[in-house]
Amino acid sequence: MPELVFFAGTMDCGKSTLALQIQHNRSARGLSGMIFTRNDRAGEGRLSSRLGLVTEAVEAGEGFDFHAHLVGHLTAGGRTDYVIADEAQFLSSEQVDQLACIVDDLGIDVFAFGITTDFRTRLFPGSQRLIELADRIESLQVEALCWCGARATHNARTIGGKMVVEGAQVVVGDVGGAGASGEEVGYEVLCRRHHRRRLTAATARAGALSPEVLPVDGADAPSLSRG
Ligand SMILES: [Zn+2]
């Protein structure tokens, strides 16, 4: 029976690496895959992993119709034995419905990979629909660790090094992205305890180095001027 499988996890949990591994194993057995992604860190039309592996992919942007794309490909004489959809958290719920149609109507396995919750701990729409529809959900959270060593279950967004809990759901940051203020947007995985306390690795390190907060520029600060 063909299946819709949702591989779910945090950032950094090895989703894209596993997607590439599945593709490798199946193409080694002579199977042909159709790979989709959206907003990949390597740019449009590419699926990449943090380990440096990259493969060609179809960019599935807003309004893209997965089912129609597959039907067009098959009608033109193309062959597809399985589908991989990476960055599936960014998909609309309609697009996830299309993935289910590919499984049910075309008899093709679909492996979707996505981050479950956003930096505010809320489900992404694509991930929510996948949880509702998937035949099987594989949790990949085991591989990502918080700075404290506990299992990292939550995604944190940082702007200029500070963790934030408000803002647009999707800001493609990682490295080089910039927030509204022009400061760099980054992401970090944390355990729930440290997500709730907004303690990132950098904040924890800074706290350990300077246990006392020294007054600077305040009225009570000792004057350093010699004049
Ligand atoms: Zn932690």
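Chemist: Pulling in residues and values, what's your account of the sheet that holds strand S9 (residues 154-159)?
Modeler: Taken in spatial order, the three strands make up an open sheet running S10-S9-S11, and their pairing is antiparallel. The open sheet has two edge strands, strand S10 (162-164) and strand S11 (185-190), and neither has a second partner. When the angles between neighbouring strand axes are averaged without regard to direction, this sheet yields 45 degrees. Here six bridges tie S9 to S11, and the two strands are oriented antiparallel to one another. Within the sheet, the bridge partner assigned to Ile159 lies in S11 and is Val185.

Chemist: I'd like a description of the confidence of the model for the protein chain, backed by residues and values.
Modeler: Mean pLDDT over the protein chain works out to 85, with 86% of the residues at or above the 70 mark. For the protein chain, the element scoring lowest by mean pLDDT is strand S3 (residues 46-48), at 82; helix H3 (residues 93-106) scores highest, at 98. Segment residues 213-227: pLDDT under 50, and one contact once partners within four positions in sequence are set aside and those in other chains are kept.

Chemist: Provide a residue-level description of the side chain of Thr158, including the pertinent values.
Modeler: With respect to the helices and strands, Thr158 occurs in strand S9. For Thr158, a relative accessible area of 11% corresponds to the buried category. Apart from the residues lying within four places of it in its own chain, the contact partners of Thr158 are Met163, Glu184, Val185, Gly186, Tyr187 and Thr200.

Chemist: Describe a nonpolar patch on the surface, with residues and values.
Modeler: A surface patch of nonpolar side chains, amounting to about 230 Å² of accessible area, comprises Leu123, Ile131 and Ile137. Examined against the element boundaries, Ile131 turns out to sit in helix H4 (residues 125-133). Take Ile131: its relative accessible area is 38%, and that puts it in the partly exposed class.

Chemist: Can you explain the packing of helix H2 (residues 66-75) against H3? Please cite residues and give values.
Modeler: Where H2 contacts H3, the axes come no closer than 7 Å and their chain directions differ by 40 degrees. Relative to H3, the element H2 lies oblique. On the side of H2, the interface is formed by Phe66, His67, Leu70, Val71 and Leu74, while H3 contributes Gln95, Gln98, Leu99, Cys101, Ile102, Asp105 and Leu106. Classifying every residue of the contact of H2 with H3 by side-chain character gives eight nonpolar, three polar and one charged.

Chemist: Please set out the nonpolar core residue by residue, giving values where relevant.
Modeler: Ranked by internal contacts, the top residues of the largest apolar core, which has 26 residues, are Phe7, Ile22, Leu47, Ile84, Phe111 and Phe113. Of all elements in the fold, only strand S1 (4-9), helix H1 (15-28), strand S6 (82-85), strand S7 (109-115) and S11 reach the threshold of two or more residues within this core. Here Phe111 is in contact with Val5, Phe7, Ile22, Arg26, Tyr82, Val83, Ile84 and Ala85, once residues within four sequence places are set aside. Membership of the second largest hydrophobic core comes to 23 residues, among which are Ala85, Val96, Ile102 and Ala112.

Chemist: Quick one: what's the story with the pairing of S6, residue by residue and with numbers?
Modeler: Where burial is concerned, the two faces of S6 agree: the one with Tyr82 and Ile84 and the one with Val83 and Ala85 are both buried. Across four bridges, the pairing between strand S2 (residues 33-37) and S6 is parallel. The residue bridging Met34 from the neighbouring strand is Val83, located in S6. As paired strands, S6 and S7 are joined by four bridges and run parallel to one another. The residue bridging Ile84 from the neighbouring strand is Phe111, located in S7. Once the chain exits S6 it traverses H3 before rejoining the sheet at S7, and the crossover so formed is right-handed.

Chemist: Account for the coordination of the zinc ion, with residues named and values stated.
Modeler: Surrounding the zinc ion are the protein donor atoms Cys146 (SG), Cys148 (SG), Cys191 (SG) and His194 (ND1), which sit 2.1 to 2.3 Å from the metal. Coordination geometry of the zinc ion: the four donor atoms subtend angles of 98 to 116 degrees at the metal centre, consistent with an arrangement described as tetrahedral. Binding-site remark: the zinc ion is held by donors from one chain whose sequence spacing is C-x1-C-x42-C-x2-H. Here Cys146 is found in the loop between strand S8 (136-139) and S9, whereas its partner Cys191 is found in the loop between S11 and helix H5 (192-196), with 45 residues between them in sequence. Grouping residues by exposure puts Cys146 and Cys191 together as buried.

Calculation rules
Residues numbered from 1 in each chain as written. Predicted model: local features only at pLDDT ≥ 70, side-chain atom pairs only at ≥ 80, totals over all residues. Heavy atoms only, no water. Pairing = 2+ DSSP bridges. Helix = DSSP H or I, 4+ residues; strand = E, 2+ residues; numbered from the N terminus. Axes fitted to C-alpha atoms, helices over the stretch in contact; angles between N-to-C directions. pLDDT = per-residue confidence, 0-100. Contact = heavy atoms within 4.5 Å. Buried < 20%, exposed > 50% of the residue type's maximum accessible area, 1.4 Å probe, protein only. Patch = residues over 30% accessible without salt bridge, like charges linked within 9 Å, V, L, I, M, F, W, Y side chains within 5 Å. Areas by Shrake-Rupley, 256 points an atom, 1.4 Å probe, with all protein chains shown as cover. Salt bridge = Lys/Arg side-chain N within 4 Å of Asp/Glu carboxyl O. Parallel < 35°, antiparallel > 145°, perpendicular 65-115°, else oblique. Nonpolar A, V, L, I, M, F, W, Y, C, P; charged D, E, K, R; others polar. Core = buried A, V, L, I, M, F, W, Y, C linked by side-chain atoms within 4.5 Å. Right-handed = clockwise from strand over helix to strand, strands pointing away. Donors = N, O, S within 2.8 Å, 3.2 Å for Na, K, Ca; no water. Tetrahedral: all angles 85-135°; square planar, octahedral: opposite > 155°, others 65-115°.

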